[in-house]
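Commentary on secondary and tertiary structure
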Amino acid sequence: MTILQASKIYKSYGNKFNKQEVLKGIDVTIGKGEFVSIMGASGSGKTTLLNVLSSIDQVSQGSIQIEGKEMTTLKEKQLAEFRKHHLGFIFQEYNLLDTLTVKENILLPLSITKVSKQEADAKFKEVADELGIYELKDKYPNEISGGQKQRTSAARAFIHEPSIIFADEPTGALDSKSASDLLNKLRQLNQRRQATIVMVTHDPVAASYCGRVIFIKDGQMYTQLNKGEQTRQTFFQDIMKTQGVLGGVQYEY
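Residues numbered from 1 in each chain as written. Predicted model: local features only at pLDDT ≥ 70, side-chain atom pairs only at ≥ 80, totals over all residues. Heavy atoms only, no water.

The next subject is the overall build of the chain. The secondary structure content of the chain amounts to 8 helices and 10 strands. Rg of the C-alpha trace for the chain: 18 Å, near the compact-globule value of 18 Å for 253 residues, within the 12% margin. Referenced to the eigenvectors of the C-alpha coordinate spread, the extents of the chain come out at roughly 50 × 45 × 35 Å. Residues classed as buried in the chain amount to 48% of the 253 residues present. Considering only contacts in the chain between residues 6 or more positions apart, those separated by 24 or more positions represent 67%. Total accessible area computed for the chain in this model is approximately 12400 Å², and 46% of it derives from carbon and sulfur atoms. (Helix = DSSP H or I, 4+ residues; strand = E, 2+ residues; numbered from the N terminus. Rg over C-alpha atoms; globule rule 2.2 N^0.38 Å. Buried < 20%, exposed > 50% of the residue type's maximum accessible area, 1.4 Å probe, protein only. Contact = heavy atoms within 4.5 Å. Areas by Shrake-Rupley, 256 points an atom, 1.4 Å probe, with all protein chains shown as cover.)

Here it is, written out as structure tokens:
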């Protein structure tokens, strides 16, 4: 079942005298329950693609459908309503509110719905347990580590069971152990909940946790890799080879 269908996506900035074309006719299809990574060299358009797919930014031309709803024709109020129920976000910089506890931050998406306190508490316990942060529920963001902050951010993205979760460099600010902890948790949530995750990353290690990697070059689809039955280590090597062809940064595993 297709969750997201994007066709002939163009995005440019500037005016007709000084126009920069960032996305040049990209087609993307994401199926329900997929964990997909978008990769590309700096300036390739991968973050712009994530932004337009997630409705943070608008396309210049093209069609984006999420669960059959055409996103490009929705007014801002309709978009806000759609995001509230169907989309989840994990950002590199956590975007937690310092004045709220871990539990209060995670419950934010439910605070604007009609979920009862009892149901909200049950959902909180379930997702916080899955991400290993339940015991931190009464702490504030300045009292926990970067990895714990990002797992709090992930719990907030998952708690209202959105149709699709967009993650923008979620491991970018984390050390390698915190990053692998987070990616393992995301993969478990993806498998247990059949959660659909689309993640932008520059890191082939992070991408190797996904089932499919889409490579963008100069604003266009370059190629894609499917993990299939490969081990994560073998998939990582394939990602590295493709990234090398693209001229990306080489990493040691």
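Another point: the pairing of strand β9 (residues 212-217). Counting buried residues in β9 gives 5 out of 6 residues, a clear majority hidden from the surface. Sheet topology note: the strand β3 (residues 35-39)/β9 ladder contains 4 bridges and is parallel. Residue pairing in the sheet places M39 in a bridge with F215 of β9. In terms of strand pairing, β9 meets strand β10 (residues 220-226) through 6 bridges, oriented antiparallel. (Pairing = 2+ DSSP bridges.)

With the rule as written, the count across this model stands at 3 aromatic pairs. Pairing F89 with F91 gives two aromatic rings, centres 5.9 Å apart and planes at 5 degrees, and the pair type is stacked. Relative accessible area serves as the criterion here: at 18%, F89 is assigned to the buried category. Put simply, the rings of F89, F91 and F166 touch in pairs and so form one group of aromatic residues. One residue, K125, lies across the ring of Y134, its end atom 5.1 Å from the ring centre. When the ring centre of Y209 is taken as reference, the NZ or CZ atom of R232 above it lies at 4.1 Å. (Phe/Tyr/Trp six-rings, centres within 6.5 Å; stacked < 30°, edge-to-face > 60°. Lys NZ or Arg CZ within 6 Å of the ring centre and 35° of its normal.)

Relative to the assigned elements, S55 resides in the loop between α1 (46-53) and β4 (61-66). Classification of S55 by relative accessible area gives buried; the value is 7%. The contact partners of S55, leaving out residues within four places of it in the chain, are M71, L79, R83 and L87.

Here the focus is helix α8 (residues 232-246). Taking 1.5 Å as the rise per residue, α8 with 15 residues should run 21 Å; its terminal C-alpha atoms sit 21 Å apart, in good agreement. Those residues of α8 lying buried are R232, F235, F236, I239, M240, T242, Q243 and L246. Where α8 is buried, its residues contact β3, α6 (176-193), α7 (204-207), β9 and β10. After α8 finishes, the residue G247 shows a positive phi value of roughly 85 degrees. (Expected span 1.5 Å × (residues − 1).)

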